[in-house]
Amino acid sequence: MSMEGAMRAKLATTAGVYSLVGGQTAPRVFPETRAQGSALPSIVFSTNNEESLMALGGLTARKAELEVVAIATTKASAIAIANAVINAIGGWSGSGDGTTIMHSLHLRSVSAYDAPQAGETTGAFLQTTVFSVLYT
Amino acid sequence: MAMSAFGTIFSTGTLVGEITGITFGGITVTPIDVSVLTSADKLYIAGFSDGGSITVSMMAAPAAPSLLSANTTTSVAYVIQFGGSGTTKPTVSFNAFIQSQTFEAQVDGVVMSTLTLRIDGAVTIANQV
C-alpha cells in the first residue's frame, strides 16, 4: 500500500500516457530509475520531501512531492509525455494500491538533458513535472 | 517536568474535525475596590470570575452523520484533557457556546476551521500539575 503505487497505477492505466511509453500491456513507468540502455521513451518517478499532517490526536494525512520524469530521445517527445502526465494526474483525486489520494496538484516543471552514458550512443531529453500529493 | 501536548483530548459531541491547536485564554477575576478613607493601602475583594474564551483550530474532517457544527445558541459541556488521558493529566471542564467560526480553503492545503467558544459559567480545573 503506497502513494507511489497508486500514482504509478494511474499513470500506467491512462491511455494518453501509456500510448507514449510502451503501450497498455507493458508501459514503461518505473520507480526511482530505469535500467541503463533500456528502451525509450519511459517515465521514472520518485518521492521527494514527504511530511505528515499531524493533529493533536495523531496522524491525519500525508503530503509529498512526487517527481515524474519523462525521458525521451527528442525534446518534443519528452514534452508530449510530460503534458500527458499533467493531464492524467494534475488535479486528480482517487484511490489505488490501498491509498486514498485527496489531491494531486502540478506545482512546476523542469527540463534537462542527459548526455549519453557508457554503452549508449544518444543522450536523452528529460522533462520533470513535480506534483504535490495529499493522501491517506 | 514538561508535558507534551500530543494526545490532548477535546471531548465534545458537537465538534467534528482533527484539532491542531487549542488556546485557552484563562480565567480572569474582576477585582472590586473596597478601599476606604482610612485604608493605608488599596484593598480589593474578588468579584465575578470569567472563564473567557477558547480558540480551537482544526482540519475539517466531514464525516457521517454530520459536517462541522454551525453556530449554536446553546451551551454545551466540554472537557479538555491536556496531554491525553490519565489520572495525573490536567483536565479543564466547562460549558460553552460557539461564538464564532471561520473556514479557510487554500490551494494545495486542507480545509481549516477556527472556532471561538465562549465559556458560560464556572471552569473546573482538576489534577493540576
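Here the structure is a predicted model, which means the values were calculated and not measured.

How each quantity is defined
Residues numbered from 1 in each chain as written. Chains lettered and ligands numbered in written order. Predicted model: local features only at pLDDT ≥ 70, side-chain atom pairs only at ≥ 80, totals over all residues. Heavy atoms only, no water. Helix = DSSP H or I, 4+ residues; strand = E, 2+ residues; numbered from the N terminus. Buried < 20%, exposed > 50% of the residue type's maximum accessible area, 1.4 Å probe, protein only. Contact = heavy atoms within 4.5 Å. Areas by Shrake-Rupley, 256 points an atom, 1.4 Å probe, with all protein chains shown as cover. Lys, Arg positive; Asp, Glu negative; His and termini not counted. Charge placed at Lys NZ, Arg CZ, Asp CG, Glu CD. Axes fitted to C-alpha atoms, helices over the stretch in contact; angles between N-to-C directions. Left-handed = near helix turned anticlockwise from the far one by under 90°. Nonpolar A, V, L, I, M, F, W, Y, C, P; charged D, E, K, R; others polar. Salt bridge = Lys/Arg side-chain N within 4 Å of Asp/Glu carboxyl O. Patch = residues over 30% accessible without salt bridge, like charges linked within 9 Å, V, L, I, M, F, W, Y side chains within 5 Å. Pairing = 2+ DSSP bridges. Buried area = accessible area lost by both parts, 1.4 Å probe. Polar contact = N/O pair within 3.5 Å; in protein donor to acceptor, adjacent residues only side chain to side chain. Core = buried A, V, L, I, M, F, W, Y, C linked by side-chain atoms within 4.5 Å.

Student: Kindly report on the overall build of chain A, identifying the contributing residues and their values.
Tutor: Scanning chain A for helices and strands turns up three helices and six strands. The linear arrangement of helices and strands in chain A, starting from the amino end, is α-α-β-β-β-α-β-β-β. With respect to the three principal axes, the spread of C-alpha positions in chain A is 55 × 25 × 20 Å. Expressed as a percentage of the 136 residues in chain A, the buried residues total 45%. Excluding contacts between residues fewer than 6 apart, the proportion of contacts in chain A whose partners are at least 24 apart in sequence is 58%. Carbon and sulfur atoms provide 51% of the accessible area of chain A, an area that totals close to 6,400 Å². On chain A, the mean spot of the 8 positive side-chain charges and the mean spot of the 9 negative ones are 7 Å from each other.

Student: Provide a residue-level description of the packing of helix H1 (residues 3-12) of chain A against helix H3 (residues 75-89) of chain A, including the pertinent values.
Tutor: Residue and element names in this part refer to chain A. H3 packs onto H1 with a crossing angle of 115° between their chain directions and a minimal axis gap of 10 Å. In terms of crossing hand, the pair formed by H1 and H3 is right-handed. Listed contacts from H3 to Met7, Lys10 and Leu11 of H1 are Val85, Ala88 and Ile89. Split into classes, the residues belonging to the contact of H1 with H3 amount to five nonpolar, no polar and one charged.

Student: How would you explain the pattern of salt bridges if you had to name every residue and give the values?
Tutor: All names here are of chain B. Under the criterion given, the structure shown has four salt bridges over all chains. Residue Asp33 is joined to Lys42 by a salt bridge in which the shortest nitrogen-to-oxygen separation is 2.8 Å. In this structure Asp33 comes out as partly exposed when scored by relative accessible area, which is 41%. Classification of Lys42 by relative accessible area gives exposed; the value is 53%. Where Arg118 meets Asp50, a salt bridge forms, and the shortest distance between an N and an O atom there is 3.0 Å.

Student: I'd like a description of a nonpolar patch on the surface, backed by residues and values.
Tutor: There is a patch of nonpolar side chains on the surface, built from Ile32, Val34, Leu43 and Ile45 of chain B and spanning about 300 Å² of accessible area. Relative to the elements of secondary structure, Val34 of chain B occurs in the loop between strand E3 (28-33) and strand E4 (44-50).

Student: Give me the lowdown on the pairing of strand E3 (residues 58-72) of chain A, citing residues and values where you can.
Tutor: Residues and elements named next belong to chain A. With 12 of its 15 residues buried, E3 lies for the most part within the structure. In terms of strand pairing, strand E2 (residues 42-55) meets E3 through 12 bridges, oriented antiparallel. Within E3, the position partnered with Ser46 by the bridge is Glu67.

Student: Describe the interface of chain A and chain B, naming the residues involved and giving the relevant values.
Tutor: Tallying the contact residues gives 13 residues for chain A and 14 residues for chain B. Counting each side, the surface lost to burial between chain A and chain B is near 990 Å², with a carbon and sulfur contribution of 63%. The tally of links from chain A across to chain B stands at one salt bridge. The residue Asp108 of chain B makes a salt bridge to Lys63 of chain A at a minimum N-O spacing of 3.6 Å. For the pair chain A and chain B, the interface holds five residue pairs in polar contact (both at pLDDT 80 or more). Breaking the side of chain A that touches chain B down by element, the ones donating at least two residues are E2, E3, strand E5 (99-114) and strand E6 (124-135) of chain A. Its residues assigned to classes, the side of chain A that touches chain B comprises seven nonpolar, five polar and one charged.

Student: Summarise the nonpolar core; cite the residues concerned and give the values.
Tutor: Counting 25 residues, the largest nonpolar core has Val68 and Ile89 of chain A as the members making the most contacts within it. Taken together, the elements giving at least two residues each to this core come down to H1, E2, E3, H3 and E6 of chain A. Take this core: its biggest share by element is six residues, from H3 of chain A. Residue contacts for Ile89 of chain A: discarding those within four places in its chain leaves Met7, Lys10, Leu11, Leu66, Val68, Ser104 and Phe131 of chain A. Among the nonpolar cores identified, the runner-up in size contains 17 residues, and Phe10, Val56, Ile80 and Leu115 of chain B belong to it.

Student: Describe in detail H1 of chain A, supporting the description with residues and values.
Tutor: If you check which residues of H1 of chain A are buried, you get Met3, Glu4, Ala6, Met7, Leu11 and Ala12 of chain A. One side-chain oxygen of the residue at the start of H1 of chain A lies 2.8 Å from the amide nitrogen of Gly5 of chain A, identifying that residue as Ser2 of chain A.

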